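Chain by chain, the residues:
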Amino acid sequence: MKTITLPENGLLWNRLQHFTLDHPEAEFPFSKKLAKEEKWTESFTQKAIEEYKKFVYLCCTLPNGASPSEVVDKVWHLHLMYTRNYWEEFCPDILQRKLHHHPSNGGKSETEKHSKWFRETLENYRKVFGELPPEEIWLRKKPDGFRTFFQKYIHLPVLLLLLSVISCSGNGNMAFAGFFFIFIIWIIIKSVNGNNKGNDSGGSSCFSGTCGGNDSSGSGHSCGSSCSSCGGCGGCGGD
């Protein structure tokens, strides 16, 4: 991680700098699991982890906490799955306070509120760390609808062309009917899988967090169902 000297809350920052999410004896450590699940490169994964630490620092030092980017939030989500590390080492020893991650309530007003909160987080990031947040971590955009559709279904024209060629040859009608039936089944399966994936990534699986010195830790914050602009943590106070 890049060395940054922070006059305020320096002890917290130093603890975060020396903390590693990878257990030295693990054959498949945190960073490799994260890279595999998210299909990230090793360098991108390490950078995402560094930015996660900066996000946590902001959570614990800013009066109103901070809101993570989608990439940072993915690191946070996986870290929470390592419950023993998160709750028995990271929070008590490194943060020396609790950092909670609460379920989303959703809604238009909440989305608007957290969009504003996220913009404030980016501005505070610049003020605290003296640099702009890296765009690939904090401002990465999802591909537009047409591009996503094209990437997912680029093979369909090839399939249709193949069906046309077969239909023009001998026994084409029977072959066409068979391929058309398989094609319809394939579309149904893709649709079901897509809906299941969408359900997994929204609502109950998308969280925002608050942090505090006790279990109640204030009011929760929510994020939209797509988790593209999740909430974050409420203020934790100083070091």
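Owing to the predicted nature of the structure, the values given are computational and were not obtained by experimental measurement. Every chain begins its residue count from 1, and numbering advances along the sequence as written. Selection of residues for local features in this predicted model requires a pLDDT of at least 70, selection of side-chain atom pairs for listing and counting requires 80 or more, and totals for whole chains, interfaces and linings are taken over all residues. Hydrogens and waters are ignored; side-chain quantities use all the structure's heavy atoms.

**Side note on the packing of aromatic side chains**
For this analysis, a ring pair means two rings from Phe, Tyr or Trp (six-membered ring only for Trp) whose centres lie within 6.5 Å, classed as stacked if their planes differ by under 30 degrees, edge-to-face if by over 60, and tilted for the remaining angles. For the coordinates displayed, the defined rule picks out 13 aromatic pairs. Between the aromatic rings of Tyr-125 and Phe-129, the centroid separation amounts to 4.9 Å while the plane-to-plane angle is 55 degrees, which identifies the pairing as tilted. Of this pair, Tyr-125 and Phe-129 both sit in helix H6 (residues 108–129), separated by four residues, roughly a single helical turn. A 1.4 Å probe rolled over the protein chains alone gives each residue an accessible area, and that area as a share of the maximum for its type sets the label: buried under 20%, exposed over 50%, partly exposed in between. Of the residues examined, Phe-129 reaches a relative accessible area of 6% and is grouped as buried. One aromatic cluster is present, formed by Trp-13, Tyr-57, Phe-118, Tyr-125, Phe-129 and Trp-138 through successive ring pairs. Each helix corresponds to a stretch of at least 4 residues labelled H or I by DSSP, and each strand to a stretch of at least 2 residues labelled E; elements are numbered beginning at the N terminus.

**Here's the deal with helix H3 (residues 42–61)**
In a helix, the anticipated span is given by 1.5 Å times the number of residues less one. Between the first and last C-alpha of H3 there are 29 Å, a value that for 20 residues agrees with the 28 Å anticipated at 1.5 Å per step. With 15 of its 20 residues buried, H3 lies for the most part within the structure.

**Quick word on the nonpolar core**
Core analysis: the biggest nonpolar cluster contains 38 residues, and Leu-16, Tyr-52, Phe-55, Val-56, Phe-90 and Leu-95 have the highest contact counts within it. Elements with a contribution of two residues or more to this core: helix H1 (10–18), helix H2 (30–38), H3, helix H4 (70–81), helix H5 (83–95), H6 and helix H7 (135–138). For this core, the element with the highest residue contribution is H3, accounting for 10 residues. Look past the residues within four positions of Val-56 in its chain and what remains in contact with it is Leu-16, Phe-90, Leu-95 and Leu-99. Side-chain atoms within 4.5 Å are what join buried Ala, Val, Leu, Ile, Met, Phe, Trp, Tyr and Cys residues into a set we call a nonpolar core. Between two residues, a contact is recorded if the distance between any of their heavy atoms is within 4.5 Å.

**A look at the packing of H3 against H6**
In contact at an axis separation of 11 Å, H3 and H6 are set at 95 degrees when each is read in the N-to-C sense. On the basis of their axis angle, the class for H3 and H6 is roughly perpendicular. The segment H3 lies against H6, with Glu-51, Lys-54, Tyr-57 and Leu-58 engaging Thr-121, Asn-124, Tyr-125, Val-128 and Phe-129. Its residues placed into classes, the contact of H3 with H6 shows five nonpolar, two polar and two charged. Simply put, an axis is a line fit to the C-alpha atoms, just over the touching stretch for a helix, and the angle between two N-to-C directions goes from 0 to 180 degrees. To sort the angles, those under 35 degrees are grouped as roughly parallel, those over 145 as roughly antiparallel, those from 65 to 115 as roughly perpendicular, and the leftovers as oblique. Here the term charged refers only to Asp, Glu, Lys and Arg, the term nonpolar to Ala, Val, Leu, Ile, Met, Phe, Trp, Tyr, Cys and Pro, and the term polar to all other amino acids, Gly among them.

**Some words on the confidence of the model for the chain**
A residue's pLDDT is the predictor's confidence in that residue, given on a scale from 0 to 100. A residue-level look at the chain finds 55% of positions with pLDDT of 70 or above and a mean pLDDT of 73. Note that pLDDT drops below 50 for residues 142–148; the model gives that stretch four contacts with residues more than four away or on any other chain. Within the model, pLDDT remains below 50 along residues 195–229, and this stretch shows 96 contacts once partners closer than five positions in the same chain are excluded.

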